[in-house]
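Architecture and fold: a report
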Amino acid sequence: MVNLKKRVYTHVASTIASDLNRLWKNDWDIDSIIVSGGGSIPLAEFLISSVEGNVIPITQEH
């Protein structure tokens, strides 16, 4: 099951990074990308190596 989670997060991070690089190709003056919501913490770990700039996961404190 752990291997499946890793494969899914790797695929999703790759897709997001590809879209960001395509959409913001000439606009990389963005310093940080903030991710939030369910799954953002583990996803951020995979995005960090896939996109330029800082990836900042936001956690909700109760």
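Quick look at the structure, then.

Each value, and the rule that gives it
Residues numbered from 1 in each chain as written. Predicted model: local features only at pLDDT ≥ 70, side-chain atom pairs only at ≥ 80, totals over all residues. Heavy atoms only, no water. Buried < 20%, exposed > 50% of the residue type's maximum accessible area, 1.4 Å probe, protein only. Helix = DSSP H or I, 4+ residues; strand = E, 2+ residues; numbered from the N terminus. Arc of directions from axis to C-beta. Contact = heavy atoms within 4.5 Å. Core = buried A, V, L, I, M, F, W, Y, C linked by side-chain atoms within 4.5 Å. Salt bridge = Lys/Arg side-chain N within 4 Å of Asp/Glu carboxyl O.

**Regarding helix α2 (residues 40–47)**
Because the α-helix completes a turn every 3.6 residues, residues three or four places apart line up on one side. Taken residue by residue, α2 has S40, L43, A44 and L47 as its buried positions. Down the axis of α2, the buried side of the element spans an arc of 110°, and every buried residue falls inside it. Contacts from the buried residues of α2 go to α1 (2–23), β1 (32–36) and β2 (54–58).

**With respect to the nonpolar core**
For soluble globular proteins, nonpolar side chains are generally found buried alongside one another. One finds A13, A17, L20, I33, V35, L43, A44, L47, V51 and V55 forming the largest nonpolar core, which totals ten residues. For this core, the elements supplying multiple residues, two or more each, are α1, β1 and α2.

**Considering the pattern of salt bridges**
Taken as a whole, this structure holds one salt bridge when the rule is applied. A salt bridge links D19 to R22, with the nearest nitrogen and oxygen atoms 3.4 Å apart. In this pair, D19 and R22 both sit in helix α1, three residues apart, roughly one turn of the helix. Its relative accessible area of 32% is what places D19 among the partly exposed residues. Since its relative accessible area comes to 55%, R22 is described here as exposed.

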